[in-house]
Amino acid sequence: MKIRYYLLALGAMFLMASCSEDKLDEKSIFPDETIVNPTPLDKWLEVNYQQPYNIQLKYRFEYKESDTEKNLAPASYDKAVALAKLTKYLWIESYEELLGRDFIRKYCPKIMHFVGSYGYNDGSVTLGVAEGGMKITLYNVNNIDYKNPDIEFLNYWFFKTMHHEFAHILHQTKPYPVEFNEVTAANYQSESWVNLDEDEWLDLGFITDYASREAREDFVEIIANYVTHDQAWWDAQLAKASPDGKAAIESKLDIVRDWLKTAWEIDIDKLREIVQRRSANVTMLDLQTLD
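Residues numbered from 1 in each chain as written. Predicted model: local features only at pLDDT ≥ 70, side-chain atom pairs only at ≥ 80, totals over all residues. Heavy atoms only, no water.

> How do you make sense of the overall build of the protein when you look at a structure like this?
Within the protein, the regular secondary structure consists of 11 helices and 6 strands. A burial count over the protein gives 45% of its 291 residues as buried. Contacts spanning at least 24 positions in sequence make up 73% of the contacts within the protein whose residues lie at least 6 apart. (Helix = DSSP H or I, 4+ residues; strand = E, 2+ residues; numbered from the N terminus. Buried < 20%, exposed > 50% of the residue type's maximum accessible area, 1.4 Å probe, protein only. Contact = heavy atoms within 4.5 Å.)

In structure tokens:
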């Protein structure tokens, strides 16, 4: 690296010495910075995200915002429109309905970033990423069917992820009780979580396979899965678990419920009720028109 810089420096000195008498061309060799004209979505985002919530939603591909270790594709415009409207209705407005707009403005990530393609890893796929409480990235946007929205698909890829990542922000702001870490302390699998079958992770006391990775992921997976699924789903999952696994999940849910209430004045059951009601309306939403 030192040699490279040294040669570049020598090259610059040589050019200065040999060309000092020449008149420089006033025209730059670099093209002018590309000017992007605002789209209808840009204008809609200004009114529906930036002004009320101080959130910047980025749907165009930006190299600096993306994971350079992955081969990624940009989100298509129509799919970005649909997900922007869905995110506002299903996620932002759910919290706003329960806690008010000031809560969203204060604690919500300031940047949301849409990526069109999957985020592949070795043996797994990234659903979303939260970076320091400031940005959430969502993948697989281009597989949204905005004409026939499927709430199970939407929750799996986007809104369970949104609740998951936002819960990270909450517990990073106000730590959850350490007792949570002890409930299934001996059962966390680290990177081996990808090898578990459903009966295995439930018997170990985890609501999902990813919850078994570590305590922090376990904590937010409980929140994300509880609010995006109804009670029938939750009861069915617990019924599949061993008695010890069921008891562990219930114990951890109690800790989560108490912490959300005392630390944040969030009633997780009321939040779930709001999310479920809004989820039932998804097929009636216009996901193409920007009013």
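There is more to say after this.
> What should I look at first to understand the pairing of strand 2 (residues 111-114) in this one?
Two faces, one strand: in a regular strand the side chains alternate between the faces of the sheet. With burial as the criterion, each face of strand 2 is covered, one bearing Ile111 and His113 and the other bearing Met112 and Phe114. When strand 1 (residues 56-58) meets strand 2, the two strands line up parallel, connected through 3 bridges. Its bridge partner lying in strand 2, leucine 57 is registered against methionine 112. In terms of strand pairing, strand 2 meets strand 6 (residues 135-138) through 4 bridges, oriented parallel. Residue histidine 113 lies in a different strand from strand 6, and its bridge partner there is threonine 137. (Pairing = 2+ DSSP bridges.)

> Any chance you could explain the layout of surface pockets here in plain terms?
A probe as big as a water molecule, rolled over the atoms, marks out the empty space that is left. Reported here for the second largest pocket is a volume of approximately 200 Å³. Taken together, 10 residues make up the lining of the second largest pocket; nearest its centre are Gln56, Leu57, Lys58, Arg60 and Glu62. Residue assignment for the lining of the second largest pocket shows that the elements contributing at least two residues are helix 2 (40-53) and strand 1. (1 Å grid on protein atoms, 1.4 Å probe; cavity = no way out; pocket = protein on both sides within 12 Å on 5 of 7 lines; lining within 4 Å. Points joined across faces, edges and corners; volume = space filled by probe spheres on them.)

> Looking at this structure, how should I read a negative patch on the surface?
Residues Asp197, Asp199, Glu200 and Asp203 make up a contiguous surface patch of negative charge. Following the sequence through the fold, aspartate 203 ends up in helix 7 (residues 198-204). (Patch = residues over 30% accessible without salt bridge, like charges linked within 9 Å, V, L, I, M, F, W, Y side chains within 5 Å. Areas by Shrake-Rupley, 256 points an atom, 1.4 Å probe, with all protein chains shown as cover. Salt bridge = Lys/Arg side-chain N within 4 Å of Asp/Glu carboxyl O. Lys, Arg positive; Asp, Glu negative; His and termini not counted. Charge placed at Lys NZ, Arg CZ, Asp CG, Glu CD.)

> Whenever I open this one, the pattern of salt bridges confuses me. Can you help?
Side chains bearing opposite charge may pair, as long as their charged atoms lie close to each other. Taken as a whole, this structure holds 12 salt bridges when the rule is applied. Arginine 60 is the partner of aspartate 42 in a salt bridge, and the nearest nitrogen-oxygen pair spans 2.6 Å. Note that aspartate 42 is positioned in helix 2 and arginine 60 in the loop between strand 1 and helix 3 (77-99), a separation of 18 residues in sequence. Assessed through its relative accessible area of 31%, arginine 60 is described here as partly exposed. When the shortest N-O distance is used, the salt bridge between arginine 278 and glutamate 93 registers 3.2 Å. Of this pair, arginine 278 sits in helix 11 (residues 268-279) while glutamate 93 sits in helix 3, and the two are 185 residues apart along the sequence. Accessibility assignment for this pair places arginine 278 and glutamate 93 in one class, buried. Where salt bridges share partners, they join Lys88, Glu93, Glu97, Arg277 and Arg278 into one cluster.

> Help me understand the confidence of the model for the protein in this model?
When pLDDT drops low, the exact placement of atoms in the prediction is not to be read closely. Per-residue pLDDT for the protein has a mean of 84; in total, 79% of the residues score no lower than 70. Across residues 1-22 the pLDDT falls below 50, and counting only partners more than four positions away or on other chains, this stretch makes 0 contacts in the model. This model gives residues 24-30 a pLDDT under 50, and the stretch forms 0 contacts once residues within four places in sequence are excluded. (pLDDT = per-residue confidence, 0-100.)

> I keep staring at the side chain of serine 94 and nothing clicks. Help me out?
Assignment of secondary structure puts serine 94 in helix 3. The buried category is assigned to serine 94, whose relative accessible area is 0%. Not counting residues up to four positions away in its chain, the partners in contact with serine 94 are Tyr89, Leu271, Ile274, Val275 and Arg278.

> I keep staring at helix 10 (residues 243-264) and nothing clicks. Help me out?
Residue pairs spaced three or four apart in an α-helix point in one direction, given the helix's 3.6 residues per turn. Look at helix 10: 31 Å from first C-alpha to last across 22 residues, which is about the 32 Å you get at 1.5 Å a residue. For helix 10, the set of buried residues is Gly245, Ala248, Ile249, Lys252, Leu253, Ile255, Val256, Trp259, Leu260 and Trp264. Across the axial projection of helix 10, the buried residues extend over an arc of 165°, all falling on one side. The outward face of helix 10, more than 90 degrees from its buried face, is lined by the exposed residues Pro243, Asp244, Asp258 and Thr262. Looking one or two residues beyond helix 10, the residue adopting positive phi is glutamate 265, at roughly 60°. (Expected span 1.5 Å × (residues − 1). Arc of directions from axis to C-beta.)

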